[in-house]
Amino acid sequence: LNLSNNMLTGPLPPSFFPLSCSLQHLDVSKNRLTGSVPRQIMNCSSLESISLDHNNFSEVFPSLSSSSNIRNLKLASNIFTALVIDSDGYCSSLELLDLSFNALTGEIPHNLCSKLPKLEHLLVWVNHLQGRIPSSLGSCSSLKILLLGHNNLYGDIPSDLTHLSKLWWLSLINNRLTGSIPRFSNGNLKLLQLSHNLLQGEIPKELDECDNLVDIELNSNALSGSISDRIGRQHSRVELLNNNSLTGGIPESLGDLSNLLYMDLSQNALQGIIPASLSHLNIGLFNVSHNNLSGSIPQT
């Protein structure tokens, strides 16, 4: 049943979900629906996907329980304040949970992985979450996408996240995270977005082993040390390292990144020349301003 992209208003009536419900897919996204979501929605055990995103649902989403067979739950862009997981059971089927752009408060549950053992996509960016990132997220062995950016999270990035061998997109931007960057060496990691935090220390050499990294965003932190001559390898398209305290020179080998589209190394403490090898790049943005560079600008 697809009722999306209309101008429906008011609440979802409880009678919409009878006890004999055999509905598998429900999409009422992009409407103007309000109020709370009826608890009867959880009685419909045949439901596999629910899309309620882009409405004005509020309060608390009904408790997920072990009787649920939901695989995809899309709740983004509403006014939800919390999601309740049944303390007596777990939702063994859930693979995608999108709660982005809501009003969630509190901390990330420490038992999230044990309650949602098949979780692959956790999207909770742009909310009001607080506290630390629980190290137990490292036990979500199926996790592929973890988006927790634009919240009020603080503390270290748990090193346990490096155990997520299937993870390919990690975004923790715009929080208050401190400490150093964990030593990710995951060959599946494609997007690493840690900008606008309070991270310190050097960029881990282990990132050189992440052969498929295409997006590296570490800007606006307090990172120090030099730039690795192999970071991102030849797959990189975006490298944003500006607004840190990086020192040393610009590696000549960065000119080998033939796929690079954006490079911002500005507002650091880099020294030396701009390598002539960078002139070979067909690049859309190249910024090395506000450093201590010297010598001539490559002619091409």
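Residues numbered from 1 in each chain as written. Predicted model: local features only at pLDDT ≥ 70, side-chain atom pairs only at ≥ 80, totals over all residues. Heavy atoms only, no water.

Where an unreviewed UniProt entry is consulted, the chain appears under the name Leucine-rich repeat-containing N-terminal plant-type domain-containing protein, with the organism given as Selaginella moellendorffii. Recorded in UniProt for the chain, the comment headed Sequence similarities (unreviewed entry) runs: "Belongs to the RLP family." (UniProt positions renumbered as here; feature names shortened; annotations may be inferred.)

1. Observations regarding the sheet that holds strand S2 (residues 25-27)
The 12 strands are arranged S2-S4-S6-S8-S9-S11-S13-S15-S17-S19-S20-S22 in an open sheet whose pairing can be described as parallel. Each edge of the open sheet carries a strand with a single partner, namely S2 and strand S22 (285-287). Strand-to-strand twist across the sheet, computed as the mean angle between neighbouring axes with direction ignored, equals 10°. (Pairing = 2+ DSSP bridges. Helix = DSSP H or I, 4+ residues; strand = E, 2+ residues; numbered from the N terminus. Axes fitted to C-alpha atoms, helices over the stretch in contact; angles between N-to-C directions.)

2. Re the sheet that holds strand S14 (residues 176-177)
Pairing is parallel in the open sheet, where 3 strands are placed in the order S10-S12-S14. Here the strands that pair on one side only, and so sit at the sheet edges, are strand S10 (130-131) and S14. In this sheet, S14 lies alongside strand S12 (residues 152-155) in parallel orientation, the contact comprising 2 bridges. Across the sheet, residue Tyr154 finds its bridge partner in S14, namely Arg176.

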